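Given next are the chains, with one letter for each unit.
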Amino acid sequence: LTGVLDDCLCDIESIDDFNTFKIFPKIQKLQERDYFRYYKVNLKRPCPFWADDGHCSIKDCHVEPCPESKIPVGIKAGSSNRYSKAANHSKELEDCEQANKLGAVNSTLSNQSKEAFIDWARYDDSQDHFCELDDERSPDAQYVDLLLNPERYTGYKGPSAWRVWNSIYEENCFKPRSVYRPLNPLAPSRGGDDGESFYTWLEGLCLEKRVFYKLISGLHASINLHLCANYLLEETWGKPRWGPNVKEFTRRFDPIETKGEGPRRLKNLYFLYLIELRALSKVAPYFERSVVDLYTGNGHEDAESKALLLEIFRDTKSFHMHFDEKSMFAGDKKGAKSLKEEFRLHFKNISRIMDCVGCDKCRLWGKLQTQGLGTALKILFSEKEIQNLPENSPSKGFQLTRQEIVALVNAFGRLSTSIKELQNFKVLLQQTR
């Protein structure tokens, strides 16, 4: 996979080098920090589109949340939160992790003042959300340690899994039903149609609708890459061995086995990487303010986490071939506003489909990565609001919840990992030839 990507002036080799040497090591380190490793999620929300066809019973599908009784009062979400050192003592966090090898952290953004936090909690920016957000106050919403629940192949597949992806593409990609889109190289093809009519149609679309399809396709490719790279290779004496599965990678991405579809998917992964990279560079001013503090209760670690995050922002700004989002929604004001709203509602619908995923671990990572992308889109469409942020007080014009911040960083971390894993597969494929 080489050359320039469509719809942006950027080549794949430049992204590979930038990701490998600048971004990947730092984003990996950041994801290990307490602020970013704990994600509050509701895995019990019912599927809003069809009758639940039962949850995956494979043990690798299971997600074990931290027991409520083990979460210190000081790090629970909500306006009743107190910033007490005793409640946030690291020993209690360790006890929590030992209990179920899982834990939780404070869900607030700043320890500057309790009033500011309450003010932020009241602020309702639902008009800007590209995702259906979980209600963190729901009794079904629980903290999950992402490091102890890694995204990998769980064995969840078949009709249930494909119904989710089919719904995402068929209902939400601005596509007429008469145009067949090749979804999966492992699925039976439809007669002589190899999907070329779909790409002819796609090229005729406006930039925004092409971008929407590429974002979803890139996310799909990234998730498939994670599953191929972290595959259950064997299990002996109850000890599983996980690693890259070259055969599975070839089945999903090889040009011949996928009838040319694989490389297109991987190019869309790079395109998605550029979109989220652009969002990170745009949101930097929000975090550069002293009022925003990545609060967990550990002052030293919080300061280090923020310094590392700002360092990543500086790196993203140094990349010289950013996607130019100004070319999107640039038509007449009325038409642009209508298209942006359609874009937002389509994406919000996709975030709701994630509640139909039958495997809890797949649902967890699907929801997180979808929310991360939704947050990136929210940032890209809020440039003026971000530029006008007050330095020393919460802004009414643009806010990010802790959940959105955690999702944004981890979703981009997943894309960075995908591109790194792609380099590993290139080496493995050369060794097998």
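What counts as what
- Residues numbered from 1 in each chain as written.
- Predicted model: local features only at pLDDT ≥ 70, side-chain atom pairs only at ≥ 80, totals over all residues.
- Heavy atoms only, no water.
- Helix = DSSP H or I, 4+ residues; strand = E, 2+ residues; numbered from the N terminus.
- Buried < 20%, exposed > 50% of the residue type's maximum accessible area, 1.4 Å probe, protein only.
- Contact = heavy atoms within 4.5 Å.
- Areas by Shrake-Rupley, 256 points an atom, 1.4 Å probe, with all protein chains shown as cover.
- Core = buried A, V, L, I, M, F, W, Y, C linked by side-chain atoms within 4.5 Å.
- Expected span 1.5 Å × (residues − 1).
- UniProt positions renumbered as here; feature names shortened; annotations may be inferred.
- Salt bridge = Lys/Arg side-chain N within 4 Å of Asp/Glu carboxyl O.
- Phe/Tyr/Trp six-rings, centres within 6.5 Å; stacked < 30°, edge-to-face > 60°.
- pLDDT = per-residue confidence, 0-100.

Within an unreviewed UniProt entry, the label attached to the protein chain reads ERO1B protein, and the organism entered is Anseranas semipalmata.

S.K.: Talk me through the overall build of the protein chain; I want residue IDs and the actual numbers.
M.R.: For the protein chain, the count of helices and strands is 14 helices and 4 strands. A total of 433 residues make up the protein chain; the buried ones form 56% of that total. Counting contacts in the protein chain only where the partners sit at least 6 residues apart, residues at least 24 apart contribute 80% of the total. Accessible surface for the protein chain amounts to roughly 19300 Å². Of this, 51% is attributable to carbon and sulfur atoms.

S.K.: Give me the nonpolar core: which residues, what numbers.
M.R.: Core analysis: the biggest nonpolar cluster contains 109 residues, and Ile-15, Tyr-273, Leu-274, Val-283, Phe-287 and Leu-364 have the highest contact counts within it. The greatest single-element share of this core, amounting to 15 residues, is contributed by helix 9 (residues 261-288). Ignoring any residue separated from it by four or fewer positions in sequence, one finds Val-283 in contact with Phe-313, Ile-379, Ile-386, Phe-398 and Leu-400.

S.K.: How would you summarise unusual backbone geometry if you had to cite specific residues and measurements?
M.R.: The phi dihedral of Lys-259 is positive, around 55°, even though this residue is not glycine. Note on placement: Lys-259 falls in the loop between helix 8 (246-253) and helix 9.

S.K.: Can you tell me about helix 10 (residues 299-318), naming the residues and giving the values?
M.R.: With 20 residues, helix 10 should reach 28 Å at 1.5 Å per residue; the first-to-last C-alpha distance of 29 Å fits that figure. Burial in helix 10 covers these residues: Glu-301, Asp-302, Ser-305, Lys-306, Leu-308, Leu-309, Leu-310, Ile-312, Phe-313, Asp-315 and Thr-316. Buried residues in helix 10 make contact with helix 1 (12-31), helix 2 (34-37), helix 9 and helix 14 (402-432).

S.K.: Go over the UniProt feature "binding site: FAD" (unreviewed entry) in the protein chain, please, and point to the residues and values.
M.R.: Per the UniProt entry, the sites bearing "binding site: FAD" (unreviewed entry) are Arg-152, Thr-154, Trp-165, Ser-217, His-220 and Arg-252 in this numbering. For Arg-152, the location among the structural elements is in the loop between strand 2 (141-145) and helix 5 (159-172). Those residues within four positions of Arg-152 in sequence are excluded, and the remaining contacts are Leu-227, Asn-230, Trp-242 and Lys-361.

S.K.: Would you mind going over the pattern of salt bridges in detail, with residue names and values included?
M.R.: Oppositely charged side chains are able to pair whenever their charged atoms sit close together. Across all of its chains, the model carries 17 salt bridges by this definition. Between Glu-151 and Arg-414 there is a salt bridge; the shortest N-O distance is 2.9 Å. With a gap of 263 residues between them, Glu-151 in the loop between strand 2 and helix 5 and Arg-414 in helix 14 connect regions that are remote in the sequence. Accessibility classification places Glu-151 together with Arg-414 in one group, the buried group. Of the charged contacts, one joins Asp-355 and Lys-367 as a salt bridge, the two residues approaching to 2.6 Å between their closest N and O atoms. Here the residue Asp-355 occupies a position in the loop between helix 11 (333-353) and helix 12 (360-380), and Lys-367 occupies one in helix 12, the gap between them amounting to 12 residues. Here the salt bridges share partners, and the residues they tie into one network are Lys-26, Glu-311 and Asp-315.

S.K.: Describe the packing of aromatic side chains, with residues and values.
M.R.: Taken as a whole and judged by the stated rule, the model has 14 aromatic pairs. Plain terms: the ring middles of Phe-18 and Phe-319 are 4.6 Å apart, the flat faces sit at 40° to each other, and that makes the pair tilted. Taken as a pair, Phe-18 in helix 1 and Phe-319 in the loop between helix 10 and helix 11 lie far apart in primary sequence, 301 residues in all. Given a relative accessible area of 7%, Phe-18 falls into the buried group.

S.K.: Would you mind going over the confidence of the model for the protein chain in detail, with residue names and values included?
M.R.: When pLDDT is averaged along the protein chain, the result is 76, and 74% of the positions lie at 70 or above. The secondary structure element of the protein chain with the lowest average pLDDT is helix 3 (residues 90-100), at 40, and the one with the highest is helix 1, at 94. Across residues 70-75 the pLDDT falls below 50, and counting only partners more than four positions away or on other chains, this stretch makes 23 contacts in the model. Note that residues 77-127 has pLDDT below 50 and, in this model, 125 contacts with residues that lie over four places away or in other chains.

S.K.: Talk me through the UniProt feature "active site" (unreviewed entry) in the protein chain; I want residue IDs and the actual numbers.
M.R.: Using the residue numbers shown here, the UniProt feature "active site" (unreviewed entry) corresponds to Cys-359 and Cys-362. You can see Cys-359 is positioned in the loop between helix 11 and helix 12. Owing to a relative accessible area of 0%, Cys-359 belongs among the buried residues under this scheme. Mapped onto the fold, Cys-362 is located in helix 12. Ignoring anything within four residues of it in the chain, the contact list for Cys-362 reads Thr-154, Tyr-156 and Val-357.

S.K.: Break down the side chain of Arg-33 for me, citing the residues and quoting the values.
M.R.: In this fold, Arg-33 is placed in the loop between helix 1 and helix 2. Beyond its immediate chain neighbours, meaning those up to four positions away, Arg-33 contacts Glu-301, Glu-304 and Ser-305.

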